[in-house]
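Below, each chain spelled out in residue letters.
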Amino acid sequence: MAAERARRWGFRAGHFGVVGLFTVFTAFPFYWMLITTFKRESDLLKRANNPFVYNEPPTLENIRVLFEETLYGRWLANTLLVGLLVVVITLVLALPAGYALARLAGRWGERLGIGIFLTYLVPPTLLFIPMSRVIGDLGLQDSLWSLVLVYPSFTVPFCTWLLMGFFKAIPPDLEEAAMIDGHSRLGAFVKVVVPLSMAGILTVIIFTLTLVMQEFVYALTFITAARNYTVSVGVPTFLVHGDVYFWGSLMAGCFIASVPIAILYNFFVDRFIAGFTVGAIK
Amino acid sequence: MSGRRRLSFLLDRDEWLGPFMIGPAVLYIVLVLGVPFLLALYYSVSDITVGSRTLGFVGLKNFASVVETTKFQTSLKNTFVFAIVSQILVMVLGTVLALALARDFRGKWFVRLLILLPWVAPISLGTIGWLWILDSTYSVINWTLEALGLIGPDGWYMWLGVPYLAMGSVILIQVWRILPLATVILLAGLTSIPHDIHDAAQVDGAGFFRHLFQITMPLIHPIMLVAGLFGLVFAFTDMIVIFVLTRGGPYDTTQVLASLAFFTGIQGGDLAEGAAIAVFLFPLLVAVAIAFLRVARRTEVM
Amino acid sequence: MAIVEARGVSKRFGDVRAVDGVDLSTKEGEFLVLLGPSGCGKTTLLRIIAGLERPTAGEILIGGQAVNDLPPRARKIAMVFQSYALYPHMSVFKNIAFPLKAQGLARDEIPKKVEWAAALFGIERLLERKPRQLSGGERQRVALARAVVREPAVFLLDEPLSNLDAKLRASARDELQQFQRRIATTTIYVTHDQIEAMGLGDRIAVMQGGRVRQIGTPTDVYNEPADTFVAGFLGSPPMNLVEEPDALVGFRPEHFLPRAAYTDAASLTALPFRITRIEYLGADRLLYGVLEGRFEGARVIARLATTVEAAVQAGRTQEFGVRARDFKFFDKTSGLRTAARPL
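Residues numbered from 1 in each chain as written. Chains lettered and ligands numbered in written order. Predicted model: local features only at pLDDT ≥ 70, side-chain atom pairs only at ≥ 80, totals over all residues.

Enquirer: Even after reading the chapter, I still don't get the overall build of chain A, so can you show me in this structure?
Expert: Broken down by element type, chain A carries 14 helices and 2 strands. Relative to the 2.2 N^0.38 estimate, which gives 19 Å for 282 residues, the radius of gyration of chain A is 24 Å and therefore markedly larger than a compact globule would have. Principal-axis analysis of the C-alpha atoms gives chain A an extent of 75 × 75 × 35 Å. Of all 282 residues assigned to chain A, the portion counted as buried reaches 47%. By sequence separation, contacts in chain A at least 24 residues apart represent 75% of the contacts at least 6 residues apart. (Helix = DSSP H or I, 4+ residues; strand = E, 2+ residues; numbered from the N terminus. Rg over C-alpha atoms; globule rule 2.2 N^0.38 Å. Buried ≥ 20, exposed ≤ 12 C-beta atoms within 10 Å, placed from the backbone. Contact = placed C-beta atoms within 7 Å.)

This is the structure in structure tokens:
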């Protein structure tokens, strides 16, 4: 019947429209970053120029300035360093904790798991003032180590929850078989469960790196020396000299630190959701 | 029995292994979160500043003096407006988007990447992108509006410089930032509904709206609450978007509690007063946590 | 009450032909069973009839009307799913009332109908409970009540008994059949369980590989199977098949008895049988063994009711026999049934 077919096509068009609209909304700023990166400053700063096209030929100058005349490269390195260290600490703390909550904790395990998860919601803005003082007293002011020390406070709760979800999804029979074969439970955990959860662990690693890259409040509070900035803080504070914004380089800096990690993250989102919901939806 | 063998047999017992494995994580969290929290409470009733070596107890003086200022009252009001409006928008838009993404279509992986960008990208960097888009002199939005003939060359909006517009812009960007997270969580909830139920509703004769409102939405209620509470906590306690875009201006119209605490405590150096402001965030958190636990208990719909 | 017809229905998922040219027509008010192993296409066919899937080719007619372009709700059908698909957030009452509300029935009429449907299955006292508080059997009845309440023209059931434990299944089967006889609505029932099919169906459509191999009454498909697949699928243990140079010969285990058990040896073909193992199942004995003589080496099974007095012993070769009319002949290459001939 024609009415039914028309209805179905209308539905599809509506669906396409909705998805398209949202996609433009979310992605437009990044597209804009990309275009601006290659625009000459003289092109950018003319109000009359159509911003959607290259009125003057594109240039790599902004990127050059970013890497050669600012500390951007160093900030990227700082961020990566902090990220890797925090990943290690997070795994060391969260892997056993997640396993224990998934297998060993029984009734109070459910509660403890939710409790740990909730600490993720404790905002940095509540704690950053006393923390700044403590960091100062410990002599870590302006050091990247202050971040390495403090960042696991939000990565560990969430990653413990995620890992708990991943471990719950593995049938206990496998560990029991390993234990019958002669391993202790700890041994079974290390030799059987961990290798099987590699995909989940990788997801946790990517997620931790994203959290580290995004963090702003602590980094802004603890570190004031430009050499030691992370990308998240360096770009907003340093690349703005008074009222003059070097938009081209600024946008280049934003794009480079945003999009690659998003692409990487997209590969792992499904697993992330799986781990998140196993714990939440009993 | 040698000490080492004793240890390994101890670890064989689950009652010991459990606490042993959870212990370090819990210890760390308690130390790194608990201690500063107690300190925050303590500072708020002291006279500590960035430079001071000693702590003197001053009772509730900090709270009293802070609460009286218009700056604080405006910030409190703004915090509520900012958080509630942005979260309502996020939930509504997130639900729509999640429903749209629930069915498979070509290019879904790529679309998902684009939708996730605001949340995965470092918050400050994405916000700077908006700073450029909303810049009063060069805003592409203004340029486009003029090109479309909707405004004149003198009618360019100062998106971040005019009181209500600034709040609107800040809310918009908060929504932009949290939308992917909410969508992903809601999508997870939608996909967990067994396909049979949708089939049964179709056979039973439910039209589009009845199906949506009487079947689908009630079944994702619990997870909607999870997403909503998450976002609400972030919105109440966040300051990044405001810090980067407006620094709390113009004239404190976008100042929220979190940013006020930063400016008072860190930039201003008055740690005690900053802590007092920040402490106001705590009751909000407790309320949210309680609501969340209630929901978690009711999550067993199936 | 209507006749359901499938004309040349096919459904492809990519390269896979889930349903491959099915022609089917129900009789008015009959209980038709779609029987087959998993993956044979029976559930897909049911979903196509329901309107939950669109066929790649062919059409479905319900009550003489082509329904290909109609959504499920316009087809006057009701369906019971394998998992029952009860709405978990609604009470039993609301579950049953839902289709009526969707139909736009007046609000004051709804409780009456819901109570009528609930009474049919004896679940009146469960109306205020939620699905998660019900047992499997109770959930099944709620699903049936929800299907019945709209008084549809056709019932579609997708393995509704498979989630019940074995003991419950037999009584549920009995109730289901009585119920269907009472309301006399055309019913299409999908199952992989041949005992269920034989017990419930007025006719059985045996499916395999997306096609209907045979459609007929239980007696037809059991006694006169159309090919080796049907012969092997129905009956437990399955039909014995032994090879002749130019044909496959089949005979059912219950027709393979010791010579001594037959009173009239007239049309009997003798088959020497060396028993290797005996299973005692209470009412029957299953004798596993190997044929000797003409069909040397063929492994076959005999089924001997315990009430039949005959001395059997493992390890010995005994004279067994099959009546001429109990042999079925099949073509070696196609598996199709061929004419009977003397052995």
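Here the narrative resumes, following the displayed structure.
Enquirer: Can you walk me through the sheet that holds strand β15 (residues 284–291) of chain C in this structure?
Expert: Pairing between the strands of a sheet comes from backbone hydrogen bonds, and it takes one of two forms, parallel or antiparallel. Residues and elements named next belong to chain C. Here we have 5 strands laid out as an open sheet, ordered β13-β17-β14-β15-β16, and antiparallel in their pairing. Edge strands, defined here as strands with exactly one partner in the open sheet, are β13 (257–258) and β16 (299–305). Note: β15 against β16, 7 bridges, orientation antiparallel. Residue Leu287 lies in a different strand from β16, and its bridge partner there is Ala302. (Pairing = 2+ DSSP bridges.)

Enquirer: Help me understand the confidence of the model for chain C in this model?
Expert: Fine structural detail should not be taken from predicted coordinates in areas where pLDDT scores are low. Predicted confidence across chain C gives a mean pLDDT of 90, with 100% of residues reaching 70 or more. Prediction confidence for the complex, expressed as pTM and ipTM, is 0.84 and 0.86 respectively. (pLDDT = per-residue confidence, 0-100.)

Enquirer: Sorry, what's going on with the interface of chain B and chain C here?
Expert: Put simply, an interface is often sized by how much accessible area is lost when its parts join up. Each side of the interface is counted separately: chain B has 16 residues, and chain C has 18 residues. Elements with a minimum of two residues in the side of chain B that touches chain C: α9 (195–204) and α10 (208–237) of chain B. By residue number, the principal contributor to the side of chain B that touches chain C is α9(B), which donates 7 residues. In terms of residue class, the side of chain B that touches chain C is made up of 10 nonpolar, 2 polar and 4 charged. (Nonpolar A, V, L, I, M, F, W, Y, C, P; charged D, E, K, R; others polar.)

Enquirer: Please clarify how the domain arrangement of chain A should be interpreted in this entry.
Expert: Residue and element names in this part refer to chain A. When its domains are assigned, chain A resolves into domain 1 (2–61) and domain 2 (70–280). The gap between the C-alpha centroids of domain 1 and domain 2 is 33 Å. Between domain 1 and domain 2, the contact holds 8 residues from the first and 8 residues from the second. Of all the secondary structure elements, the ones that give two or more residues to the side of domain 1 that touches domain 2 are α1 (2–37) and α2 (41–44). Broken down by element, the residue count for the side of domain 1 that touches domain 2 peaks at 5 residues, all from α1. Residues that form the side of domain 1 that touches domain 2 fall into these classes: 4 nonpolar, 2 polar and 2 charged. (Domains from an automatic or database assignment.)

Enquirer: I would appreciate a short explanation of helix α3 (residues 110–120) of chain C in the present structure.
Expert: Two residues of an α-helix separated by three or four positions point the same way, owing to the 3.6 residues in each turn. All names here are of chain C. For α3, every residue scored as buried is listed here: Val114, Ala117 and Ala118. Angular distribution of buried residues about the axis of α3 spans 100°; they occupy a single face of the element. Opposite the buried face of α3, by more than 90 degrees, sit the exposed residues Lys112 and Ala119. Of the surrounding secondary structure, the elements contacted by the buried residues of α3 are α2 (92–103) and α4 (136–148). Phi turns positive one or two residues past the end of α3, at Gly122, with a value near 65°. (Arc of directions from axis to C-beta.)

Enquirer: Explanation requested: the pairing of strand β11 (residues 240–243) of chain C in the structure shown.
Expert: One face of the sheet, then the other: side chains in a regular strand alternate in exactly this way. Residues and elements named next belong to chain C. The pairing of β11 with strand β12 (residues 248–251) spans 4 bridges and is antiparallel. Bridge pairing in β12 links Leu241 to Gly250. Connecting β11 to the next strand, β12, in antiparallel fashion are 4 residues.

Enquirer: Mind showing me how you'd approach the packing of helix α8 (residues 152–168) of chain A against helix α11 (residues 198–214) of chain A here?
Expert: Any two packed helices are characterised by how steeply their axes cross, that is the angle between the axes, and by the distance between the axes. Residues and elements named next belong to chain A. The geometry of α8 relative to α11 is characterised by a closest axis approach of 10 Å and an angle of 160° between their N-to-C directions. Classified by the angle their axes make, α8 and α11 are roughly antiparallel. As for how α8 packs across α11, the hand of that crossing is right-handed. Where α8 approaches α11, its residues Phe154, Thr155, Cys159, Leu162, Leu163 and Phe166 are matched on the opposing element by Gly200, Val204, Phe207, Thr208 and Leu211. In the contact of α8 with α11, the residues fall into 8 nonpolar, 3 polar and no charged. (Axes fitted to C-alpha atoms, helices over the stretch in contact; angles between N-to-C directions. Parallel < 35°, antiparallel > 145°, perpendicular 65-115°, else oblique. Left-handed = near helix turned anticlockwise from the far one by under 90°.)

Enquirer: For this particular structure, what's the right way to read the domain arrangement of chain C?
Expert: Residues and elements named next belong to chain C. Each assigned domain of chain C is listed here: domain 1 (4–229) and domain 2 (237–338). One C-alpha centre belongs to domain 1, the other to domain 2; they are set 38 Å apart. Every contact between the two is made by 5 residues of domain 1 and, on the other side, 7 residues of domain 2. Class assignment of the residues belonging to the side of domain 1 that touches domain 2 gives a composition of 3 nonpolar, 1 polar and 1 charged.

Enquirer: Help me understand unusual backbone geometry, please; the structure alone is not making it clear to me.
Expert: Working note: non-glycine residues mostly have negative phi, and peptide bonds are mostly trans. Residue and element names in this part refer to chain C. Along the chain, Ser236 connects to Pro237 via a cis peptide bond; the corresponding omega equals 0°. For Pro237, the location among the structural elements is in the loop between α8 (228–233) and β11. Despite not being glycine, Ala85 has its phi angle at roughly 50°, a positive value. With respect to the element layout, Ala85 can be found in the loop between β6 (77–80) and α2. Residue Ala85 is classed as buried on the basis of its C-beta count, with 25 C-beta atoms lying within 10 Å.

Enquirer: In this structure, what is going on with the interface of chain B and chain A? I would like to understand it.
Expert: Opposite the 76 residues of chain B that make contact, chain A presents 79 residues. No other element matches helix α2 (residues 14–44) of chain B, which puts 16 residues into the side of chain B that touches chain A. Residues belonging to the side of chain B that touches chain A are distributed by class as follows: 61 nonpolar, 11 polar and 4 charged.

Enquirer: Help me understand the confidence of the model for chain A in this model?
Expert: In the predicted model, chain A carries a mean pLDDT of 85, and the fraction of residues at 70 or more is 95%. Mean pLDDT values over the elements of chain A span from 54, in strand β1 (residues 240–241) of chain A, up to 92, in helix α7 (residues 144–150) of chain A.

Enquirer: Can you walk me through the environment of Glu5(C) in this structure?
Expert: Residues and elements named next belong to chain C. Relative to the elements of secondary structure, Glu5 occurs in strand β1 (residues 4–13). Judged by the 19 C-beta atoms lying within 10 Å of it, Glu5 is partly exposed. Discounting residues that sit within four places of it in the chain, Glu5 has contacts with Leu24, Ser25 and Leu61.

Enquirer: Any chance you could explain the nonpolar core here in plain terms?
Expert: One broad trend across soluble globular proteins is that nonpolar side chains are buried collectively. One finds Leu34(C), Ile49(C), Leu156(C) and Ala205(C) to be the most contacted residues of the largest nonpolar core, which totals 257 residues. Per-element accounting of this core gives the leading share, 15 residues, to helix α4 (residues 72–104) of chain A. Once you skip the residues sitting within four places of it in the chain, Ala205(C) turns out to touch Leu24(C), Leu32(C), Val33(C), Leu34(C), Leu35(C), Val212(C) and Ile215(C). (Core = buried A, V, L, I, M, F, W, Y, C linked by C-beta atoms within 7 Å.)

Enquirer: Could you clarify how one ought to interpret the sheet that holds strand β8 (residues 186–191) of chain C in this entry?
Expert: All names here are of chain C. One open sheet holds the 6 strands; their spatial order is β6-β7-β8-β3-β9-β10, and the pairing between them is mixed. This sheet does not close on itself; its edge strands, each paired only once, are β6 and β10 (211–216). The sheet shows a mean angle of 20° between the axes of neighbouring strands, taken without regard to direction. With 5 bridges joining them, strand β9 (residues 203–208) and β10 adopt antiparallel strand pairing. Of the residues in β10, the one forming a bridge with Met207 is Val212.

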